Amino acid sequence: MSNRRKTNLFVFLLAGALAFGLSSAALAQNTASGTSITNTATLSYTVDGNAQAPVPSNPATFLVDNKVDLMVTTIDGGIVSVVPNSTAQVLTYTVTNNGNTVQDYSLTAQISATGAFGETETFDATNVNVFVDTDNDDTYTAGTDTDLYIDELDMTETITVFVVADIPQGQVNDDVASYDLIAQTAIGGTGGTQGADIANDNRLDADDPTLVQIVFADGTGTADGARDGRFSSKDGYKVVTAVLTAVKTTNVLSDPFNNAVNPKAIPGATVGYQVLVENFGTVTADNVEVIDSIPTNSSFLVGSVSTVSASAATVTFSNDGGVTWAYGPVAGANGTDPAVNAVRVVFATVAGGTLVQENFSVMID
Amino acid sequence: MNRAILITVLVLFLAGAAYADVELNAAALTEVTTTNAAGQEVTTLVPAGKVVPGDEVIYTITFANRGTEPAGDVVITNPIPEHMVFTKVEESPSGASISISADGGTRYDAPRNLTVTDAKGQQRPAKASDFTHVRWTFQEPLDPGAEGSVSFRALLQ
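What counts and how
Residues numbered from 1 in each chain as written. Chains lettered and ligands numbered in written order. Predicted model: local features only at pLDDT ≥ 70, side-chain atom pairs only at ≥ 80, totals over all residues. Heavy atoms only, no water. Contact = heavy atoms within 4.5 Å. Buried area = accessible area lost by both parts, 1.4 Å probe. Salt bridge = Lys/Arg side-chain N within 4 Å of Asp/Glu carboxyl O. Polar contact = N/O pair within 3.5 Å; in protein donor to acceptor, adjacent residues only side chain to side chain. Helix = DSSP H or I, 4+ residues; strand = E, 2+ residues; numbered from the N terminus. Pairing = 2+ DSSP bridges. Axes fitted to C-alpha atoms, helices over the stretch in contact; angles between N-to-C directions. pLDDT = per-residue confidence, 0-100. Core = buried A, V, L, I, M, F, W, Y, C linked by side-chain atoms within 4.5 Å. Buried < 20%, exposed > 50% of the residue type's maximum accessible area, 1.4 Å probe, protein only.

What follows deals with the interface of chain A and chain B. Taken together, the contacts link 51 residues of chain A with 63 residues of chain B. Between chain A and chain B lies a buried interface of about 4,700 Å² when both sides are counted; carbon and sulfur atoms form 61% of it. On the surface where chain A and chain B come into contact, there are one salt bridge. D207 of chain A is the salt-bridge partner of K50 of chain B, the closest N and O atoms lying 3.8 Å from each other. At the boundary of chain A with chain B, the tally comes to 11 residue pairs in polar contact (both at pLDDT 80 or more). Looking at the side of chain A that touches chain B, the elements that each hand over two or more residues are α1 (10–20), β1 (36–39), β2 (42–47), β4 (55–56), β5 (60–63) and β6 (66–68) of chain A.

On to the sheet that holds strand β3 (residues 56–65) of chain B. Where strands meet in a sheet, backbone hydrogen bonds hold them as pairs that are either parallel or antiparallel. Residues and elements named next belong to chain B. Strand order in the open sheet formed by five strands is β2-β1-β3-β10-β5, with antiparallel pairing between adjacent strands. At either margin of the open sheet sits one strand with a lone partner, and together these are β2 (41–47) and β5 (84–91). Sheet twist, expressed as the average angle between the axes of neighbouring strands with direction ignored, equals 30 degrees.

So, about the confidence of the model for chain A. All names here are of chain A. Looking at chain A as a whole, the pLDDT averages 88, with 92% of positions reaching at least 70. Between the elements of chain A, mean pLDDT differs from a low of 38, seen in α1, to a high of 97, seen in strand β13 (residues 158–166). Between residues 1–27, whose pLDDT stays under 50, and residues either more than four places distant or in other chains, the model counts 46 contacts.

Most often, soluble globular proteins have nonpolar side chains that are buried together. Residues F62 of chain A together with I76 of chain B are the most contacted members of the largest nonpolar core, which totals 46 residues. Beyond its immediate stretch of four places on either side in the chain, F62 of chain A contacts T35, S36, I37 and P209 of chain A together with A28, A48, V51, V57, Y59 and M84 of chain B. Ranked by size, the runner-up nonpolar core spans 27 residues in total, among them V80, V130, V132 and I159 of chain A.

Take the pattern of salt bridges next. Enumeration over the complete set of coordinates arrives at 13 salt bridges over all chains. Its salt-bridge partner being K234 of chain A, residue D180 of chain A comes within 3.2 Å of it at the nearest N-O pair. Placement of D180 of chain A in strand β14 (residues 176–187) and of K234 of chain A in strand β16 (residues 230–239) is noted, with a sequence separation of 54 residues between them. Assessed through its relative accessible area of 3%, D180 of chain A is described here as buried. Across the salt bridge formed by E289 of chain A and R344 of chain A, the nearest N and O atoms sit 3.7 Å from each other. One end of the pair, E289 of chain A, is in strand β19 (residues 285–293); the other, R344 of chain A, is in strand β24 (residues 342–350), with 55 residues separating them in the sequence. Residue E289 of chain A is classed as partly exposed on the basis of its relative accessible area, which comes to 45%. The network of salt bridges with shared partners includes E31, E56, E90 and R153 of chain B.

Okay, here's the thing in structure tokens:
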């Protein structure tokens, strides 16, 4: 060891690194596990100026081990909006094999107390399943995407996975259900068969250059730790539904003596009713139905119904207390039809954040 | 006639007795960092047993002259193994110059002087991933009994 001296070649190498943009991060790193890497050096020399037979070194050999590394990412880009009583609602994730071996992955959707985007968990979806995108179209296709585990995902490959669940009826606006999709690395190599989960790597075993050993190299997901052969990502459902409120106001419009000036509610007076329906939700409510019974001791004034609505409003009348809605009012001498005992208005749509209005009048008997 | 043969044999024997017998050994090592009792991190080199893509391997080549004559013009040549990318020379004997080949060992030079031909037929400077060989050229003879080592680091792709 007398003539051995550690030489710092920093300057030499720095020049090389700058000139050639050496970056280990930029290098593809996917040598397959089981690859044998052999290094042999050769020494040539002379004796008294005569070239001698070059001396080869022994081969220094090791087998590339099985690096287990994976990534699970939700690709919904935000919490998924759902409405109550809907079925087969989909959360979309991708699973990528960043290791150097073909692997299987088992999949679990785990309910999460905290939402993917800062929300608080308020309900559990039902009928929760995890399906692999079998037909590779990145869209959940019921009946086609039926695989329950990822089979034979090659290194650097990515596959789409869906969490599919039903939203119970009775959930209200802003209710949140969050799920962590956990992918667990399993043994690959046999197509069509789910390999056993790899629970532990070989970190407690001595290095063996002749064995393909397993090394967990994965990071920390939303519901798993670093170097555990698993990765996870959080996504969730948020209920967005229409929230309708109705406010009814009454105004005496005129009476037979004061007419329209400070009219009083006496027999023969005309009373106007106004119903305001507002959608405080974020989604459009369809077929919003407002039914008003004509109060006792008053009669419907024929032709007094008016509506204010961005969409079509359909007005119908009943003379049997709301059982049927096919009655055609006929005005009597005072303009009323006492046979009308209910008025119905159906608004085709009420968009979130908007309101509609219905007006009608009666005469006090 | 017989005498002449005997002398020839004797000369050959004597020439064989004064010889340079150079040994060369290669080892693939990896760094393992552990924490000792004092809480300090200690990095040791162990034979490369558990290696996955992205790991760095230190190839150490030890040499020794077990003969009785100096070995002159010593050159150690090490091809970069397949799937490995050269990162840097770790150690080199004093007086040895290092050169690199990026063309399978035909031409050796300082890295900055190396070029390769890309897929479009254009010449461009060689990158570390293009390096195919690393070579140490000794300036001094290796005396009998002398020994030492050279090493370089490479990354498993």
